[in-house]
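# Examining the three-dimensional arrangement
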Amino acid sequence: MATASDSYAARRDIDYPETLDRFPTFFRLLWILPILIIAALLTIDGLWFATMLMIVFRVIYPRWWFDFARELARFVARVGAYAFLLTDGYPSTVDEQSVHLELDYPDVENDLNRWLPLVKWLLAIPHYVVLVVLYVAAFFVWIIAWFAILFTGVYPRGLFDFMVGVARWSLRVEAYAFLLITDEYPPFSLQ
């Protein structure tokens, strides 16, 4: 059954791992530090500001700029999936691995309102509120999943699906308010 979020301009999915290695899971917070620093250095808000200026003043979203933003979003998604124990594969700076993220290239002149990027971040406030609650819940789910993986070697499917759902929701809000690839308001859904 297809949902409205399946056709949204930003889509994310993560392959469910049948088993996870307990040893790397135990030391995950330590092992993720180098790649987390790289991701943090690359995700400065200048990307959003420059995109907004291009859309407002030039009514363009250059393909090369979109490709860069998409690949950066994919990289950050791989780091997030590794951090939240959704995969054992150390985040690659190039390969897709088990994290699948797709963004649709926008037709700026026909599909985007030229002035809306100035206020999208403001219009997304209800999503920020819900996402804060979901992030708090995700933190507790992450702790439970960490123990589950250490004892069983398996990420409980319900917890995994919840974490992937939170990641999807977050991506849709990011696509709307910061990547500026769509004017369609993100659905309030984990699907």
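Keep in mind that this is a model prediction, so the values were computed, not measured. (Residues numbered from 1 in each chain as written. Predicted model: local features only at pLDDT ≥ 70, side-chain atom pairs only at ≥ 80, totals over all residues. Heavy atoms only, no water.)

To continue, consider the packing of aromatic side chains. Under the criterion given, the structure shown has 21 aromatic pairs. The interplanar angle of 80 degrees and the centroid separation of 5.0 Å between the aromatic rings of tryptophan 146 and phenylalanine 147 together place this pair among those described as edge-to-face. Using a relative accessible area of 40% as the deciding quantity, one classes phenylalanine 147 as partly exposed. Relative to tyrosine 185, the ring of tyrosine 176 lies with its centre 5.4 Å away and its plane at 80 degrees, an arrangement referred to as edge-to-face. Judged by relative accessible area, tyrosine 176 falls into the buried class, the value being 2%. Feature note: the residues Phe23, Phe26, Phe27, Trp31, Trp146, Phe147 and Phe151 constitute an aromatic cluster, connected by ring pairs. Directly above the aromatic system of tyrosine 82 lies the positively charged group of arginine 28, at a separation of 4.0 Å from the ring centroid. (Phe/Tyr/Trp six-rings, centres within 6.5 Å; stacked < 30°, edge-to-face > 60°. Buried < 20%, exposed > 50% of the residue type's maximum accessible area, 1.4 Å probe, protein only. Lys NZ or Arg CZ within 6 Å of the ring centre and 35° of its normal.)

Right, let's get into the pairing of strand E2 (residues 99–103). Judged by which residues are buried, E2 turns out to be one-sided: Val99, Leu101 and Leu103 face inward and are buried, whereas His100 and Glu102, on the alternate face, are not. Pairing between strand E1 (residues 10–14) and E2: five bridges, direction antiparallel. Along E2, the bridge assignment pairs alanine 10 with leucine 103. (Helix = DSSP H or I, 4+ residues; strand = E, 2+ residues; numbered from the N terminus. Pairing = 2+ DSSP bridges.)

Glancing now at the nonpolar core. Counting residues in hydrophobic clusters, the biggest one holds 49 residues, and the most contacted among them are Tyr61, Leu86, Leu103, Tyr155 and Ile181. For this core, the secondary-structure elements that each account for two or more residues are E1, helix H4 (46–58), helix H5 (63–83), E2, helix H8 (125–152) and helix H9 (157–177). The element that contributes the greatest number of residues to this core is H9, accounting for ten residues. Excluding residues within four positions of it along the chain, leucine 86 makes contact with Ile14, Asp15, Pro17, Ala81, Tyr155, Phe160, Met163 and Val164. Core analysis: the next-biggest nonpolar cluster, separate from the first, contains six residues, Ile35, Phe75, Val79 and Tyr82 among them. (Core = buried A, V, L, I, M, F, W, Y, C linked by side-chain atoms within 4.5 Å. Contact = heavy atoms within 4.5 Å.)

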